[in-house]
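Residue-level listing of the chains:
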Amino acid sequence: MLAELTHRCPLGCPYCSNPLRLDPKGEELDTATWQRVLGEAAALGVLHVHLSGGEPLARPDLPELVASCAKLGLYSNLITSGIGLSERRLAALADAGLDHVQLSIQDALGESADRIAGYRGAFARKREAAGLVVAAGLPLTVNAVLHRGNIERAGTLVALAVELGARRVEIAHAQYYGWALANRAALQPAAAQVRRAVAEVEQRKQAHAGRIVIDHVAPDYHARFPKACMGGWGRRSLNVTPSGKVLPCHAAETIPGLEFWSVREHAPAEIWQDSPAFNAFRGTDWMQEPCRSCARRTVDFGGCRCQAMALAGDPRATDPVCSLSPHRAKVDAALLAETGAGSMPDYVYRR
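On to the pairing of strand β6 (residues 168-173). Here β6 lies mainly inside the structure; five of its six residues are buried. Bridge analysis of strand β5 (residues 140-146) against β6 gives six bridges, and the strand direction is parallel. Paired with Leu146 across the strands is His173, a residue of β6. What joins β5 to β6 is helix α6 (residues 154-164), and the crossover it makes is right-handed.

A full pass over the atoms with the stated rule returns five aromatic pairs. Judged by centre distance (5.5 Å) and plane angle (55 degrees), the rings of Trp272 and Phe278 are tilted. In this structure Trp272 comes out as buried when scored by relative accessible area, which is 18%. Classification of Phe278 by relative accessible area gives buried; the value is 0%. On the basis of an interplanar angle of 80 degrees and a centroid distance of 5.3 Å, the ring pair of Phe281 and Trp286 is categorised as edge-to-face. We note that Phe281, like Trp286, is buried.

Residues Leu90, Leu93 and Ala96 constitute the buried set of helix α3 (residues 87-96). All buried residues of α3 project into a common sector of 125 degrees when viewed along the axis, lining one side. In this structure, α3 carries Glu87, Arg88 and Asp95 as exposed residues pointing more than 90 degrees from its buried face. Against α2 (62-72), β3 (75-80) and α5 (122-135) lie the buried residues of α3. One or two steps after α3, the chain reaches Gly97, where phi turns positive at roughly 110 degrees.

For the pair α5 and α6, the least separation of the axes is 10 Å and the interaxial angle reads 45 degrees. By the angle between their axes, α5 is oblique relative to α6. Of α6, the residues touching α5 (which contributes Phe123, Arg127, Ala130 and Val134) are Leu160, Glu163 and Leu164. For the contact of α5 with α6, the per-class residue count stands at five nonpolar, no polar and two charged.

This part is about the sheet that holds β3. What holds strands together in a sheet is hydrogen bonding between their backbones, with the strands either parallel or antiparallel. Ordered in space as β7-β6-β5-β4-β3-β2-β1-β8-β9, the nine strands form an open sheet in which the pairing is mixed. Both edges of this open sheet fall to β7 (213-216) and β9 (246-247), since each of them pairs with a single strand only. Here strand β8 (residues 239-240) runs beside β9; their pairing, made up of two bridges, is antiparallel. Each residue of the ladder has a partner; that of Val240, found in β9, is Val246. Strands in contact with α6 are β5, β6 and β7; relative to β5, the strand with the most contacts, it is inclined by about 165 degrees.

This part takes up helix α9 (residues 191-207). Taking 1.5 Å of rise per residue, the 17 residues of α9 would be expected to cover 24 Å, and the 24 Å separating its terminal C-alpha atoms lies within 8% of that figure. Looking at the buried positions of α9, the neighbouring elements they touch are β5, α6, β6 and β7.

The next subject is the pattern of salt bridges. Evaluation of the coordinates by the stated rule reveals 17 salt bridges. Among the salt bridges present, the one from Glu170 reaches Arg168, with a minimum N-O distance of 2.9 Å. You can call Arg168 partly exposed: its relative accessible area is 27%. Residues participating in the shared-partner salt-bridge network are Arg8, Glu28, Arg59 and Asp61.

Basis of the calculations
- Residues numbered from 1 in each chain as written.
- Predicted model: local features only at pLDDT ≥ 70, side-chain atom pairs only at ≥ 80, totals over all residues.
- Heavy atoms only, no water.
- Buried < 20%, exposed > 50% of the residue type's maximum accessible area, 1.4 Å probe, protein only.
- Helix = DSSP H or I, 4+ residues; strand = E, 2+ residues; numbered from the N terminus.
- Pairing = 2+ DSSP bridges.
- Right-handed = clockwise from strand over helix to strand, strands pointing away.
- Phe/Tyr/Trp six-rings, centres within 6.5 Å; stacked < 30°, edge-to-face > 60°.
- Arc of directions from axis to C-beta.
- Contact = heavy atoms within 4.5 Å.
- Axes fitted to C-alpha atoms, helices over the stretch in contact; angles between N-to-C directions.
- Parallel < 35°, antiparallel > 145°, perpendicular 65-115°, else oblique.
- Nonpolar A, V, L, I, M, F, W, Y, C, P; charged D, E, K, R; others polar.
- Expected span 1.5 Å × (residues − 1).
- Salt bridge = Lys/Arg side-chain N within 4 Å of Asp/Glu carboxyl O.

In short, geometric facts, not functional conclusions.
Right under this line is the structure:
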């Protein structure tokens, strides 16, 4: 379960995956409600909880929520920018039973990292946060989102994760919906850049085998087939927003017409089994051709529904990144228009 505790965040990343309309502080679930939801999620069968945001450190009750996870036997992962993480706060979280920390890094070069984050001094504070996590004996994962502004340093980002003492590094590529879609022309790398980055990360996998786990998620727009987004709609995970809505994926609100139930009125088990949103794209019955008769229909489940909505205007369409999709030309046109010669547009920051 992805528990989005708050949408408040000190950073303004141009690829932010949170919705265009953020939940204000006054609409956030209170401590007792989150604790109830965690208990009901554990009863449903949830094993792993990502405590995320925004920046979850903006919540003063974070140690209480971590303690609830520990009491329920839920593996807790803090997803953080590192801004606001002090030795004292980390000690409180570790004492409460926190299992793991995932730290975002915007680039391997400080000046560029700060520019991407829209926060002066962010890179230095992230390095400090990584040192605190490792010194506390907690497992550290570094997450880096690749795009046009940093993709030439994909291998260097892996090296930085090793230097910081991370046990795992996630090298992901920007996905274009929400705020990232508004910045796509500034974020979209060229095909040659993607090929170099993929080769460099694979090389680092071999060089650092046994020292660090390297997860590399290929970029959708440059793939032949889509990936099974979220492991398939309503199959493996659920996302609770700061205000209590439960989503099959964190971008599901970009699809109009879906009815999202809230933990304020329904238990997670009821939402998982019976809510309209979770059943909208489960299985294969909803599929159009060519997905309906495709041998990959139970491999990638048609790809990303949010991407289909963003590019094809139809959430039931075959993911347009698929080479078999009738909408693939829209992806190719975007790549041609946005990765040609010329200066990179300025970022539009989230504030």
